[in-house]
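Chain residues, written in single-letter form:
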Amino acid sequence: MRASLCLIALALPAAATAQLGPPAPTQPRVAKTTAAEGVSKSAPVNGVLVLYGNERCPTNNNNEEVVVCVRRSAAEQFRIPKELRNFEVTPENASWAVKEQANRTVGNVGVGTCSAVGAAGATGCNVQDLSAWKRERQAAKKAETPDLP
């Protein structure tokens, strides 16, 4: 019993090292496949297939299979989808440069700063009000025509 355990213990490391090397020439080679190779270019996403230009909606040979297809113009094929184009910048996803721009005016006093300190400090309040009005007008114009960039 003791001798058989020793033989098994000696045989295990040899079996483990045999698996680490390249496959033997007599073994058939298995081609590696990736997820991208296994999925068709025209595979439906969420049950809907998007077609561009004059592509045909696929079906089986007997026309028994129903595939839901959405047609878009050929010019849209290599663009970002319409659903993802309307990106609104919020404070959470604003760039570092925009966040830093807000810190540049902290502590400013005097002309054009909209503060009660210094000569003509209130002149900046008018500029800030006009800038806010312009942003509101642009947002309203964009809301009227959501399809335009």
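Above this text you will find the structure in question.
In this text, all values refer to a predicted model and were calculated from it rather than measured experimentally.

Notes on the overall build of the protein chain
Turning to step 1, where the next piece is worked out: Counting its regular elements, the protein chain contains 5 helices and 2 strands.
Turning to step 2, where the next piece is worked out: Across the protein chain, helices and strands are ordered from the amino to the carboxyl terminus as α-α-β-β-α-α-α.
Turning to step 3, where the next piece is worked out: A total of 149 residues make up the protein chain; the buried ones form 6% of that total.
Turning to step 4, where the next piece is worked out: Considering only contacts in the protein chain between residues 6 or more positions apart, those separated by 24 or more positions represent 4%.

Focus on the environment of lysine 99
Turning to step 1, where the next piece is worked out: Mapped onto the elements, lysine 99 comes out in helix 4 (residues 96–103).
Turning to step 2, where the next piece is worked out: A relative accessible area of 42% means that lysine 99 is categorised as partly exposed.
Turning to step 3, where the next piece is worked out: Those residues in contact with lysine 99, other than ones at most four positions away along the chain, are Pro91, Glu92 and Ala94.

Quick notes on the state of the cysteines
Turning to step 1, where the next piece is worked out: A full pass over the atoms with the stated rule returns 2 disulfides.
Turning to step 2, where the next piece is worked out: The disulfide partner of cysteine 57 is cysteine 69, and the S-S distance across this bridge is 1.7 Å. An S-S torsion of about 70° defines the bridge between cysteine 57 and cysteine 69 as right-handed. Of this pair, cysteine 57 sits in the loop between strand 1 (48–52) and strand 2 (68–72) while cysteine 69 sits in strand 2, and the two are 12 residues apart along the sequence.
Turning to step 3, where the next piece is worked out: Cysteine 69 gets classed as partly exposed once you look at its relative accessible area, which sits at 26%.
Turning to step 4, where the next piece is worked out: Each sulfur of the disulfide joining cysteine 114 and cysteine 125 lies 2.0 Å from the other. Its S-S torsion of approximately 90° makes the covalent link between cysteine 114 and cysteine 125 right-handed. A residue pair is termed long-range when its members are at least 10 positions apart, and cysteine 114 in the loop between helix 4 and helix 5 (123–144) and cysteine 125 in helix 5 qualify at 11 residues.
Turning to step 5, where the next piece is worked out: The class for cysteine 114 is partly exposed, based on a relative accessible area of 29%.

Some thoughts on a nonpolar patch on the surface
Turning to step 1, where the next piece is worked out: There is a patch of nonpolar side chains on the surface, built from Val48, Val50, Val68 and Val70 and spanning about 250 Å² of accessible area.
Turning to step 2, where the next piece is worked out: Among the secondary structure elements, those contributing two or more residues to the nonpolar patch are strand 1 and strand 2.
Turning to step 3, where the next piece is worked out: As for its position among the elements, valine 50 is in strand 1.

Cut-offs and rules
Residues numbered from 1 in each chain as written. Predicted model: local features only at pLDDT ≥ 70, side-chain atom pairs only at ≥ 80, totals over all residues. Heavy atoms only, no water. Helix = DSSP H or I, 4+ residues; strand = E, 2+ residues; numbered from the N terminus. Buried < 20%, exposed > 50% of the residue type's maximum accessible area, 1.4 Å probe, protein only. Contact = heavy atoms within 4.5 Å. Disulfide = S-S within 2.5 Å. Patch = residues over 30% accessible without salt bridge, like charges linked within 9 Å, V, L, I, M, F, W, Y side chains within 5 Å. Areas by Shrake-Rupley, 256 points an atom, 1.4 Å probe, with all protein chains shown as cover. Salt bridge = Lys/Arg side-chain N within 4 Å of Asp/Glu carboxyl O.

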